[in-house]
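Fold and geometry: a report
Listed here are the chains, written in short residue letters.
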Amino acid sequence: MNDLEDLLQRNIEWATSLKDKDSQFFVNTSKQQKPKYCWIGCSDSRVSPSQILDLPPGNIFVHRNIANQVNVNDTNCLSVLEYAIYFLEVKHIIVCGHTGCGGIESSFKKQSSKFINLWIDNILQLSIDHKRNLDTLNCGAERFDRLSELNVLNQIVNLGDLNLVKDAWTKNIDLSLHGWIYSLSDGLLHDLTGKVSSLNDLTIIRSLCAPQISGE
Ligand code: CO
C-alpha cells in the first residue's frame, strides 16, 4: 500500500468507527455546524487542534498559519474571524502557540526564504523589542519558547485590536479570547492569559508583551 492509499484506508476506518458508535453522526453533522470555539494555531503537523483536544468533527472552527499569527492585513484570517464571530457565533477564540515552533526559531536565524521571512517579520520585531529579557535565558530553546509565549500574548492584543472583536464587545456579544501554549514534550496545554473579554482585560495583556524600554 502506498502513502496515499494508506490515507484513504485510514479514512474509511475512521468514518466506520464513528458510524459504529453513532449511526446518525454524519447525518446530523452534515446538516449544520455549531462550534463554540474558534482556533488560531500554528500549521505545525504536531499541533492539530481536534486531535489534541480530543474533539469530534463539528466542535472547533480553525485557522492555522506559521506561528499562529493574527495580522490586520491577512484577509484569510479576518474572514475566518468574521464568519466565526458573526455567523457561527462562537463564544471563544483561542490563539494557541507551541514550544519548539519552527516559525519562532526562524526569527532568530538568517534564512534565505522568500515568503517565510516576510511572514515572520512581526515576530522578528518582537524578539528585538524583548531582547534584554530573552538574553537572560540560558539556552536557545528557552528563548524560543519564551518568544512563543510573547508571540501568543501579542497575537491576543492584535486580535482584541481588530474592529471585528471590538465591535462585538461594544454590542455585548458574549466573546472571549484565550492565549494558550501547547507543550510538544508532554502534550499538555497551558493557559497564558485567562479569559480576555473586555478592553480592560486586553490592557493587562498588552502590558505583559509591551516592548521593553531601553534602561528600564
Ligand atoms: Co509552529
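Now for a look at the structure at hand. (Residues numbered from 1 in each chain as written. Predicted model: local features only at pLDDT ≥ 70, side-chain atom pairs only at ≥ 80, totals over all residues. Heavy atoms only, no water.)

With respect to the overall build of the protein
What counts is decided by this rule: Secondary structure elements follow DSSP: runs of H or I no shorter than four residues count as helices, runs of E no shorter than two count as strands, and numbering proceeds from the N terminus. Burial status follows relative accessibility: with a 1.4 Å probe on protein chains alone, a residue under 20% of its type maximum counts as buried, one over 50% as exposed, and anything between as partly exposed. Contacts between residues were defined by any pair of non-hydrogen atoms, one from each residue, lying within 4.5 Å. The Shrake-Rupley method, run with a 1.4 Å probe, gives the accessible areas here. Residue values count only the displayed protein chains as cover. His residues and chain termini do not enter the charge count, which takes Lys and Arg as positive and Asp and Glu as negative. For the purpose of locating charges, the reference atoms are NZ of Lys, CZ of Arg, CG of Asp and CD of Glu.
Across its full length, the protein carries 11 helices and five strands. By its C-alpha atoms, the protein is 65 × 50 × 30 Å across when sized along the principal axes. Burial analysis of the protein (216 residues in total) assigns 37% to the buried set. Within the protein, counting contacts between residues at least 6 apart in sequence, those at least 24 apart form 65% of the total. As displayed, the protein has an accessible area near 12,400 Å², and 52% of this comes from carbon and sulfur atoms. Considering the protein, the positive charge centre built from 20 side chains and the negative charge centre built from 25 side chains are found 3 Å apart.

Points about the coordination of the cobalt ion
The condition that has to hold: Here a donor is an N, O or S atom found within 2.8 Å of the metal, or within 3.2 Å if the metal is Na, K or Ca; sites may look incomplete because water is not among the atoms.
C42 (SG), H98 (NE2) and C101 (SG) make up the full set of protein donors to the cobalt ion, lying at 2.1 to 2.3 Å. Counting along the primary sequence, the residues that act as donors to the cobalt ion give the motif C-x55-H-x2-C. Taken as a pair, C42 in strand β1 (residues 37-42) and C101 in the loop between β3 (92-98) and α5 (102-106) lie far apart in primary sequence, 59 residues in all. On the accessibility criterion, C42 (6% relative accessible area) is buried.

Let's talk about the pairing of β1
Selection criterion: For two strands to be treated as a pair, DSSP must find no fewer than two bridges joining them.
Taken across its six residues, β1 has five buried, putting it largely inside the fold. Relative to strand β2 (residues 60-65), β1 is paired through six bridges, and the arrangement is parallel. What sits directly across from W39, in β2, is V62. Strand direction decides the pairing type here: β1 and β3, joined by five bridges, are parallel. Residue pairing across strands places W39 opposite I94, the latter belonging to β3.

Things to note about the nonpolar core
Defined as follows: Residues grouped as a nonpolar core are buried Ala, Val, Leu, Ile, Met, Phe, Trp, Tyr and Cys residues, joined through side-chain atoms within 4.5 Å.
The biggest cluster of nonpolar side chains holds 41 residues, and the ones touching the most others in it are C38, I40, L81, I93, L159, L175 and L177. Of all the secondary structure elements, the ones that give two or more residues to this core are β1, α4 (75-87), β3, α7 (121-129), α9 (140-161), α10 (163-170), β4 (176-182) and α11 (199-208). The element that contributes the greatest number of residues to this core is α9, accounting for eight residues. Among all residues touching I93, those that are not within four sequence positions of it are C38, I40, L81, I85, L159, L175, S176, L177 and H178. The next biggest cluster of nonpolar side chains, apart from the first, holds seven residues, and it includes W39, V47, I94 and W180.

Focus on the packing of aromatic side chains
A ring pair, where both rings are aromatic, is described by two values, the distance of the centres and the angle of the planes. To be explicit about the condition: Aromatic contacts are taken between Phe, Tyr and Trp rings whose centres are within 6.5 Å, Trp giving its six-membered ring; a plane angle under 30 degrees counts as stacked, one over 60 as edge-to-face, and the others as tilted.
Going through the model one piece at a time under the given rule, you end up with five aromatic pairs. A centroid spacing of 5.4 Å and a plane angle of 15° characterise the contact between Y83 and F87, whose relative ring orientation is stacked. You can see Y83 and its partner F87 sitting in helix α4, four residues apart, about one turn around the helix.

Describing helix α1 (residues 3-21)
Heads up, the rule is: Expected helix span is taken as 1.5 Å per residue step, with the number of steps being one fewer than the number of residues. Under this definition, polar contacts are N or O atom pairs within 3.5 Å; protein pairs additionally need one hydrogen-donor-capable and one acceptor-capable atom, and for neighbouring residues in sequence, both atoms have to be side-chain atoms.
With 19 residues, α1 should cover 27 Å at 1.5 Å per step; its first-to-last C-alpha distance of 27 Å lies within 8% of that length. Measuring from the backbone nitrogen of L4 back to the side-chain oxygen at the start of α1 gives 3.0 Å, which picks out N2 as the cap.

Here's the deal with the pairing of β4
With seven of its seven residues buried, β4 lies for the most part within the structure. As paired strands, β4 and strand β5 (residues 189-191) are joined by three bridges and run antiparallel to one another. Paired with W180 across the two strands is D191, which belongs to β5.

Some thoughts on the sheet that holds β4
Stated precisely, the cut-off is as follows: Lines fitted to C-alpha atoms define the axes here, with helix axes fitted over just the stretch in contact, and angles between the N-to-C directions of these axes take values from 0 to 180 degrees.
Strand order across the open sheet formed by five strands is β2-β1-β3-β4-β5, with mixed pairing between neighbours. At either end of the open sheet lies a strand with only one pairing partner, and these are β2 and β5. Averaged over all pairs of adjacent strands, the angle between strand axes in this sheet comes to 25°, irrespective of strand direction. α9 contacts β1, β3 and β4 of the sheet and is inclined by roughly 165° relative to β4.

By themselves, these observations are geometric and do not establish any function.
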